[in-house]
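The primary structure of each chain is shown beneath.
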Amino acid sequence: ASRHAAGKEACNYCSLTSQHVAASGRHFWDTMSCLVNQVSAIDWKGALGIMCYHVGDDMGSDIPLMREIHGAMPDWARDSSCFLRHRMYAWYVPSLTYAELLREIGVRWLYIGGDGKVGFTNEWSERHPFIRTLRHCRQTGLAVRSSYVLGQPGQTWDEVKSWIAFNRRVLSEFGSQMSLVTHGWVNVVTPGSPNWRLLASKYPEFDQSDFVDLEYAQCLILRDFTHLSSGGREPRQLLHELYAVAEQELRILPRKS
């Protein structure tokens, strides 16, 4: 549902396509409270610090849920010395006020997928949802991780080059607040994903066996459903070339405290 709200039918490379019921803010904080109590009971002599990873696809930009969580925060979570911090997935952070709300509930890191959603193009603009998100996060001290995916259906080399240029400009302006940026996660065709269904529509054997060569599936997607195999590139050569580009463009930046 959150993908649809962001204007994206599905994640092409994700096999988790069924909908799940979202947990309420109250349930979230009750669970967190139990976990904190359990951890606090351990006779630990080292530095205190817990990072909680949330894998909900859009939890960080689910505004009603975040407001509910904020309103239900227990006293221990409001304490400035609380050692629990959160890393969440999000589509975008629409305003400075909302970025401040996220920080108040303990969020310190956000993961933002940099492509595939409405408005998330490789053309730089102050109205670009990703650029606005980065500005709001910088003002409130939220660190950001981001990535793009290469080798998606319909992609051309000109588009790949445009993502590289966009990614480098993001790094140039916002690198100090980001812990990892890459435009280059190469598309993986996972069983059950929309990419897999696209592949099986032309090659039914991929739906008829539990034993498949996933690298071969990647190669077929690149050869038959993208525009990247120009110049006589063989599919496996093309796949290795994309991975080389991804490795070259990867930037792991110093971690912020």
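Since we're looking at a predicted model, the values are computed, not measured.

Check the secondary structure of the protein chain and you find 10 helices and 6 strands. Looking at the protein chain residue by residue over its 257 residues, the buried ones come to 44%. Sequence separation of at least 24 residues holds for 72% of the intrachain contacts in the protein chain that already meet a minimum separation of 6. Of the roughly 13,900 Å² that the protein chain leaves accessible, carbon and sulfur atoms contribute 53%.

Following both chains from N to C, one finds helix α8 (residues 194-202) and helix α9 (residues 214-225) inclined at 75°, their axes separated by 10 Å at the closest point. Classed by the angle they form, the pair α8 and α9 counts as roughly perpendicular. The segment α8 lies against α9, with Asn195, Trp196, Leu198, Leu199 and Lys202 engaging Leu214, Ala217, Leu220, Ile221, Asp224 and Phe225. A per-class count over the contact of α8 with α9 returns 8 nonpolar, 1 polar and 2 charged.

Attention now goes to the environment of His128. In this fold, His128 is placed in the loop between β3 (107-113) and α6 (129-140). For His128, a relative accessible area of 3% corresponds to the buried category. Sequence separation between His128 and Val118 is 10 residues, and the spatial gap between their C-alpha atoms is 9.9 Å. In this view, His128 contacts Gly119, Phe120, Thr121, Glu123 and Phe166; residues no more than four positions away in its chain are not counted. One polar contact links the side chain of His128 to the main-chain amide nitrogen of Phe130, over a distance of 3.0 Å.

How each quantity is defined
- Residues numbered from 1 in each chain as written.
- Predicted model: local features only at pLDDT ≥ 70, side-chain atom pairs only at ≥ 80, totals over all residues.
- Heavy atoms only, no water.
- Helix = DSSP H or I, 4+ residues; strand = E, 2+ residues; numbered from the N terminus.
- Buried < 20%, exposed > 50% of the residue type's maximum accessible area, 1.4 Å probe, protein only.
- Contact = heavy atoms within 4.5 Å.
- Areas by Shrake-Rupley, 256 points an atom, 1.4 Å probe, with all protein chains shown as cover.
- Axes fitted to C-alpha atoms, helices over the stretch in contact; angles between N-to-C directions.
- Parallel < 35°, antiparallel > 145°, perpendicular 65-115°, else oblique.
- Nonpolar A, V, L, I, M, F, W, Y, C, P; charged D, E, K, R; others polar.
- Polar contact = N/O pair within 3.5 Å; in protein donor to acceptor, adjacent residues only side chain to side chain.

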